[in-house]
Amino acid sequence: MPDKQTDTLILGDVEFSSRLFTGTGKFSSRSLIPQMLEASGSQMITVALRRVDPSDRQDNILNYIPDTVTLLPNTSGARTAQEAVRIARIAREAGCGRFIKIEVITDMQYLLPDNHETLLATEILAKEGFVVLPYMMPDITVTKQLYDAGAAAVMPLGAPIGTNRGLEMKPMIEMIIQVSKIPVVVDAGIGRPSQAAEAMEMGADAVLVNTAIATSQDPILSGKAFGYAVKAGRMAYLSRMAEEKLKASASSPLTGFLRD
Amino acid sequence: MPDKQTDTLILGDVEFSSRLFTGTGKFSSRSLIPQMLEASGSQMITVALRRVDPSDRQDNILNYIPDTVTLLPNTSGARTAQEAVRIARIAREAGCGRFIKIEVITDMQYLLPDNHETLLATEILAKEGFVVLPYMMPDITVTKQLYDAGAAAVMPLGAPIGTNRGLEMKPMIEMIIQVSKIPVVVDAGIGRPSQAAEAMEMGADAVLVNTAIATSQDPILSGKAFGYAVKAGRMAYLSRMAEEKLKASASSPLTGFLRD
Amino acid sequence: MPDKQTDTLILGDVEFSSRLFTGTGKFSSRSLIPQMLEASGSQMITVALRRVDPSDRQDNILNYIPDTVTLLPNTSGARTAQEAVRIARIAREAGCGRFIKIEVITDMQYLLPDNHETLLATEILAKEGFVVLPYMMPDITVTKQLYDAGAAAVMPLGAPIGTNRGLEMKPMIEMIIQVSKIPVVVDAGIGRPSQAAEAMEMGADAVLVNTAIATSQDPILSGKAFGYAVKAGRMAYLSRMAEEKLKASASSPLTGFLRD
Amino acid sequence: MPDKQTDTLILGDVEFSSRLFTGTGKFSSRSLIPQMLEASGSQMITVALRRVDPSDRQDNILNYIPDTVTLLPNTSGARTAQEAVRIARIAREAGCGRFIKIEVITDMQYLLPDNHETLLATEILAKEGFVVLPYMMPDITVTKQLYDAGAAAVMPLGAPIGTNRGLEMKPMIEMIIQVSKIPVVVDAGIGRPSQAAEAMEMGADAVLVNTAIATSQDPILSGKAFGYAVKAGRMAYLSRMAEEKLKASASSPLTGFLRD
Amino acid sequence: MKISLNGKNTETQSRTLMDLVTGLITDQGLDLKSLVVEHNLKVVPSVAWEKALIQDGDTIELLSFVGGG
Amino acid sequence: MKISLNGKNTETQSRTLMDLVTGLITDQGLDLKSLVVEHNLKVVPSVAWEKALIQDGDTIELLSFVGGG
Amino acid sequence: MKISLNGKNTETQSRTLMDLVTGLITDQGLDLKSLVVEHNLKVVPSVAWEKALIQDGDTIELLSFVGGG
Amino acid sequence: MKISLNGKNTETQSRTLMDLVTGLITDQGLDLKSLVVEHNLKVVPSVAWEKALIQDGDTIELLSFVGGG
């Protein structure tokens, strides 16, 4: 059990006091991003890389991310390990740093990751000095293989991306938390602060939330809500709460009033 | 939808900025109570009334509760409406103020409340000017009757007391939140901050947590965790998050990388 | 544990080999009812009583129910104990026998029963020699009171009527099964054979299914499905299956192949 | 939607009228197996292959399996694709026919399958003319790859083997059922007939149950229960039942009694 | 004669329940056997309809069983 | 004098609630301030204990607040 | 002659699989019909055991089907 | 000169990446600082655009960071 006083998350050689990772997708206005970051306290945020769209007049999204926040470029759009590797290299050479979220998706219906291609990309990029955070289908065997491949953490999904269905894969994620030798970051599907808190109570090291914050009617307040919830869940984990009980037990003395 | 800026809970004529109610039962040491109250921000706390136990050398539990915190004496031990009424009157005359949590239990196995006796006691005490908070089995019909009887709020249970099983009665509580004209406080069974947050996200007005805080290995940190979680859940409710979706939707652009 | 060989359900002085109760509501055509009864094996079916509707040209619904099937008139439409009592008496004098399903509903939004009025009606009708089956909100205290009032069984709801949401109230129903001295029939909300089987596995004595059968695209096949499922669930209960386990355990020898 | 009259499952060139597959593991006595098969109606059963254990005096397990039942040898014990291939070949040459359940497990704690090795073994054995049924972690991408590799069906797990926890992976299995071009057999974790019925209601083509039957106090009655439940679930699927509803809807006329 | 018939004030010439009921059959083609008649809060079996005299101010309910869950 | 004290028949010499209560303090080291005294179903505030005379057959409950949820 | 029998180095006088197998039956009371014999990675059907000569260094696996899920 | 620009065959007169890029800015008002240029699979930092000569058949990708989760 970690020390409650000095409880931080270290990835690569960076120390994070916040265990909430956020994303830049789906915001109605980019100007909301820095306010959301401040409200949520998030210190790591994802960005994507795409061909310049001439019709898109927006200025540089990186301008909206304070230097204090670590950039986590993702390899979205990659359908093979090779494409993921290429995107990662471009991102780094473009000055986005060593962190990379590997995302290789071939299933265009449910947008679920391809664990094998993800593993191959992880192997290559870890050797090249990247801090590799692979987005994955919850899978015990692959969790161990990603560790051997040099991943800095594993990022199993809670539910299909953008569904807000929460910890649908809870039993598998609990097992991953038990066996993983590297931090476990629950990514995708988290739609409510309560679900983020639940993941942290289970012992997850962090959660990544994008859609739920960006698509709420008040992304700044939502970001703050997730920031509080992640803290709450982590504190609960650190304070070792009692297990569920089958039997009821009174919180007041059981003696009847004016009875013995 | 309430105003996000001035979002407080009013019961009787008292305004509460914290929506976390706590209890004084089951603490390993009473000296933890004031620290827990400070860490959690809770502004309302329950106490019970019992015959003096000569063997009990502890000093007055009320000494451990700051004047800024509202006392909520409960009628635990009562098995009939009449006993509950008697306890309430004694508590008030003993200087504990007008708030009373009605708790009438005849089922000694699961410690579940007797809604009919609870309704009768509510009727009498509301007439006598008490601010009545009845602890109840989740029940739509009784919710309406308690309102007619003058209750200040309803307190449906999430799960049997002390089980930490959370919102087992969630569907019924959701209906109560829909129909109730008075505040809904989820009481009993909440064992994790995530569960408290979930209740608030559903639109509950407050939650009452005792066992989960008092029996954790660090009640002060747990209290803080619940304080954060209740805030997080309320913020989520106020920021109108998106519903669950059946279909996945990408948070990054769906175009393949270096594809059109 | 009952004898597997001679496992029947006795209500009033009638012995039922089938633990599936059905209803006559919502069928697209009344002629489906006798076929559904035969396919499902159900031996008890509900009917309702209403003022003659001149515009309704349908012939007598009782003509569609074989004599071998016990009629269970319900008191639907009653909003007080007195109305329920009046309906019950009319039904009996009209030749529908001694069985009565008490249904007193004042909540017109969720159609949830009023436990207190239901209890009052049960008391009166049991004294008059009815075999009283009260439809109720799952409630331990009221379960005991209904037994004292002379009910032949209790019929807690699984979920709001017609929702097909299944055993939403499962934890409460499990407790009722533990404490009840009379048969427990899960009524309302059961939308799938799997849910009916689950209720029986928990130890329920019977289930009542109407909407799910009547509104399916093939009520006869659906009735058969529920008949099989109720049998399956009862057999599972009688054959004492192993509990859930936290740890995986191999069903094949754990030794590696060609290893020791 | 298949024809209700002629609804059978075809694997390889064998037609199965029963959609319940069973296993031979964990029975207290082998003599229970033929009785269980008869009671359950199962037409396919798994066996394992191991080195002769001199201390084991039991006679040939194949003697307990009627010729009318298809043998499904598994590759349990294999930790690589190559080992699985070797076991499969031995089983076939030993006269066990063309069916093979591929089971490659490297995680000895939770006994969860290795999808990548499983895929490799499937590729090889399908080419050799086996009817390959791979046991797998629920995964959309791998489901498609197994189809391309020539699998006759996919067998995603419901929960870790032997846990009786049921459809823990339900959301993922529902997606697999949507996308799979080959039959989906839910294997492992099914501990109750209700869970088997639920899988069939979702549209699974079959379920494989071993532990729950073999370890119950009455494997013959349990087998019968699962046989009924699988039939019930399939019928429910074929009869297109109504969806869950948010709103309650009365099964009796909503008019008050003696009111308009 | 004024009676309350299924909650409505009605003018009727029928002297007995049988008259009233048979009248309604021809008017509305009701199924006689399905009919349950409550006369001043008492259920009257069909065999007794002939003898059941209707008086001014009587309350009569004509009921039948319908589908219900 | 016979009284019912916390449900038990008790013989006491105390003339007032104050006598009774202070007696118990020395006997049992109770915390006076935490004490709630119900005398014949009426709560008596500590300021009135001096004047509250005990009579034969009185019912007295000595209560205090404890931890509860 | 040295062979690997079920993974163990074993000294045997058996000239054929039949000799080896029948020897084991008497030693260990195995059920012949349940036996699956893999000889140098090839499965040998029982009808061929008589002619299957064992040579020094051979690898022989004696297998059988068991309960499994 | 024919080049592949973001996957499309394009005719260009630009001699250097700087020419190409600045041309696009005036044409399309792009944000220069947000531009990531990949020239024949190598990323070229903006400081080097001036010297980066474009030759016939070159493959050039103009990329930028966008919102993503």
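Residues numbered from 1 in each chain as written. Chains lettered and ligands numbered in written order. Predicted model: local features only at pLDDT ≥ 70, side-chain atom pairs only at ≥ 80, totals over all residues. Heavy atoms only, no water.

Engineer: Would you take a moment to explain the pattern of salt bridges for this structure?
Structural biologist: It is possible for side chains of opposite charge to pair when their charged atoms get near one another. Applying the stated criterion across every chain, the model contains 48 salt bridges over all chains. Taking the shortest distance from any N to any O, the salt bridge between A:Arg89 and A:Glu128 comes out at 2.5 Å. Of this pair, A:Arg89 sits in helix H2 (residues 81–96) while A:Glu128 sits in the loop between helix H3 (115–127) and strand E7 (131–136), placing them 39 residues apart in sequence. Residue classification places A:Arg89 among the partly exposed positions, given a relative accessible area of 35%. Residue classification places A:Glu128 among the partly exposed residues on the basis of a relative accessible area of 27%. Salt-bridge contacts for C:Asp107 lead to B:Lys144; the nearest nitrogen and oxygen are separated by 3.4 Å. Note that C:Asp107 is positioned in the loop between strand E6 (99–102) and helix H3 (115–127) and B:Lys144 in helix H4 (residues 140–148), a pairing that runs across two chains. On the accessibility criterion, C:Asp107 (0% relative accessible area) is buried. Taken together, the shared-partner salt bridges in this structure form one network comprising A:Asp7, A:Arg19 and A:Arg234. (Salt bridge = Lys/Arg side-chain N within 4 Å of Asp/Glu carboxyl O. Helix = DSSP H or I, 4+ residues; strand = E, 2+ residues; numbered from the N terminus. Buried < 20%, exposed > 50% of the residue type's maximum accessible area, 1.4 Å probe, protein only.)

Engineer: Just checking my understanding: could you explain the interface of chain B and chain A for this structure?
Structural biologist: Interface size, as often reported, equals the accessible area lost upon joining of the parts. In this assembly, 73 residues from chain B lie in contact with 73 residues from chain A. The junction of chain B with chain A conceals about 6,300 Å² of combined surface from both sides, 57% of it contributed by carbon and sulfur atoms. Where chain B meets chain A, there are 0 salt bridges. At the junction of chain B and chain A, the tally comes to 30 residue pairs in polar contact (both at pLDDT 80 or more). Within the residue set of the side of chain B that touches chain A, elements represented by two or more residues are strand E4 (44–51), helix H2 (81–96), helix H6 (193–202) and helix H8 (219–238) of chain B. Top contributing element to the side of chain B that touches chain A by residue count: H8(B), with 12 residues. Residues that form the side of chain B that touches chain A fall into these classes: 30 nonpolar, 22 polar and 21 charged. (Contact = heavy atoms within 4.5 Å. Buried area = accessible area lost by both parts, 1.4 Å probe. Polar contact = N/O pair within 3.5 Å; in protein donor to acceptor, adjacent residues only side chain to side chain. Nonpolar A, V, L, I, M, F, W, Y, C, P; charged D, E, K, R; others polar.)

Engineer: Whenever I open this one, the sheet that holds strand E6 (residues 99–102) of chain B confuses me. Can you help?
Structural biologist: Working definition: the strands of a sheet are paired by backbone hydrogen bonds and lie parallel or antiparallel to each other. Residue and element names in this part refer to chain B. Within the open sheet, the 3 strands sit side by side as E6-E7-E8. Their pairing is parallel. Each having just a single partner strand, E6 and strand E8 (155–156) make up the two edges of the open sheet. The strands that helix H3 (residues 115–127) touches are E6 and strand E7 (131–136); relative to E7, the one it contacts most, it runs at about 180°. (Pairing = 2+ DSSP bridges. Axes fitted to C-alpha atoms, helices over the stretch in contact; angles between N-to-C directions.)

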